[in-house]
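This is what each chain is made of:
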Amino acid sequence: MIDKKYLDIKPEVAEALKAGKPVIALESTIISHGMPYPKNVETALAVEKVIRDAGVMPATIAIINGMIKIGLTEEEVEYMATAKNVLKVSRRDYPLVLSQKLDGATTVAGTMMAAEAAGINLFVTGGIGGVHRGAGETHDISADLEELKNTNVAVVCAGCKSILDIPGTLEYLETSGVPVITYGADEFPAFFSRESGKPADCRLDSTKEIAELIKTKYDAGLNGGVLVANPIPVEDEIPFEKMDAVIQQALKECDEQGITGKRITPFLLSKVKDLTEGKSLEANIKLVLNNAKVGAEIANNF
Ligand code: PSU
Ligand code: MN
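Everything quoted here is computed from the prediction, not taken from an experiment.

Asker: Quick one: what's the story with the overall build of the chain, residue by residue and with numbers?
Answerer: Regarding its fold elements, the chain presents 13 helices and eleven strands. Here the C-alpha atoms of the chain give a radius of gyration of 18 Å, agreeing with the 19 Å that 2.2 N^0.38 yields for 302 residues. With respect to the principal axes defined by its C-alpha atoms, the chain has extents near 50 × 40 × 35 Å. By the burial criterion, 54% of the 302 residues in the chain qualify as buried. Contacts spanning at least 24 positions in sequence make up 73% of the contacts within the chain whose residues lie at least 6 apart. For the chain, the computed accessible surface area is about 13200 Å², with 51% contributed by carbon and sulfur atoms. Taking the average place of the 32 positive charges on the side chains of the chain and the average place of its 43 negative ones, the gap between the two points comes to 4 Å.

Here you go:
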């Protein structure tokens, strides 16, 4: 686990943790690399507000000048949304960003690591990384999946985008021993769409039961993460077939331009946004806010 001396915990977050009040971690890659300015700031602050209004303490996590911030001020959110040279930080990037005192936006993996070190066991985001299409040849599998295998944090998301190999991602999570809970639906959701064609292996219909499952997992000493997949609201979804055509095009351009490694996911996200003329961005914002609401309900049931 990351040593606490590398953490800078915002006073109100530290107080909430000390008092045993519910706290939810939030990531910063979505701010620095996932959405354009100013929607990124607006969304980050709106997500914090949904959580706060539900009586839960939000803690957005990012690295500023080599310190891991657990909880950001509004100015720091604005900084993460506009600063140049913000690295995308997953597990392998921590030593560089800490030793060189750089700025870093944490991915799902990076955020889970910092949350666990701070004593936060629940994290809300939009989508996780996963097994990429063609991973059999490229070996492109997000470090988010390894983190879900090893780190004791539950992650609420809207499933994963079909820029990924969704069946492959679910197989990987099964092998890794990660419970994947679908909230109130029979299919695992595909981020923009409520359906992915993959049946939900475990469906639970109340946030109380989800909280019970998470609590029981850790009470029983079963280490590792939990993935809670919360489908996008019906009125905000973009049909799977429509998104699939867009994603095929984005993948083709990614390939043609020779994009590799950690640049792939941000490239695909921004291409999808351009190809849907911003519709994907609106859907993305709506589903993150919905995840914040459900995450806060889970936290209030701990
Ligand atoms: N998927 C999304 N939106 C995102 C990401 C993924 O729909 O913003 C971000 C998350 O921070 C995730 C990261 O952890 O991309 C995964 O990147 P990679 O595939 O390089 O591991
Ligand atoms: Mn990758």
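Resuming the write-up.
Asker: Outline the pairing of strand S8 (residues 154-157), supporting the account with residue identities and numerical values.
Answerer: Put simply, side chains in a regular strand alternate between the two faces of the sheet. Here S8 shows no split at all, with Ala-154 and Val-156 on one side and Val-155 and Cys-157 on the other all buried. Of the pairings in the sheet, the one linking strand S7 (residues 122-124) to S8 comprises three bridges and is parallel in character. If you follow Val-124 over to S8, its bridge partner there is Val-156. The sheet contact formed by S8 and strand S11 (residues 226-229) spans four bridges and is parallel. The partner of Val-155 across the bridge, within S11, is Leu-227.

Asker: Which residues make up the packing of aromatic side chains, and what values do they have?
Answerer: What the rule picks out here adds up to one aromatic pair. When the centroid spacing of 4.9 Å and the interplanar angle of 90° are considered together, the rings of Phe-191 and Phe-192 count as edge-to-face. The class of Phe-191 is buried, set by a relative accessible area of 2%. Note that Lys-161 overlies the ring of Phe-191, its terminal NZ or CZ placed 3.6 Å from the centroid.

Asker: Residues and numbers for the layout of surface pockets, please.
Answerer: As a volume, the largest pocket reaches approximately 690 Å³. Among the secondary structure elements, those contributing two or more residues to the lining of the largest pocket are helix H2 (29-34), strand S5 (87-89), helix H8 (143-150) and helix H12 (264-275). By volume, the second largest pocket is sized at about 310 Å³. As for the second largest pocket, its lining consists of 15 residues, of which Arg-133, Thr-138, Cys-254, Asp-255 and Ile-264 are closest to the centre. When residues of the lining of the second largest pocket are traced back to their parent elements, those giving at least two are helix H11 (240-256) and H12. Its residues placed into classes, the lining of the second largest pocket shows six nonpolar, six polar and three charged.

Reading the values: rules and limits
Residues numbered from 1 in each chain as written. Chains lettered and ligands numbered in written order. Predicted model: local features only at pLDDT ≥ 70, side-chain atom pairs only at ≥ 80, totals over all residues. Heavy atoms only, no water. Helix = DSSP H or I, 4+ residues; strand = E, 2+ residues; numbered from the N terminus. Rg over C-alpha atoms; globule rule 2.2 N^0.38 Å. Buried < 20%, exposed > 50% of the residue type's maximum accessible area, 1.4 Å probe, protein only. Contact = heavy atoms within 4.5 Å. Areas by Shrake-Rupley, 256 points an atom, 1.4 Å probe, with all protein chains shown as cover. Lys, Arg positive; Asp, Glu negative; His and termini not counted. Charge placed at Lys NZ, Arg CZ, Asp CG, Glu CD. Pairing = 2+ DSSP bridges. Phe/Tyr/Trp six-rings, centres within 6.5 Å; stacked < 30°, edge-to-face > 60°. Lys NZ or Arg CZ within 6 Å of the ring centre and 35° of its normal. 1 Å grid on protein atoms, 1.4 Å probe; cavity = no way out; pocket = protein on both sides within 12 Å on 5 of 7 lines; lining within 4 Å. Points joined across faces, edges and corners; volume = space filled by probe spheres on them. Nonpolar A, V, L, I, M, F, W, Y, C, P; charged D, E, K, R; others polar.

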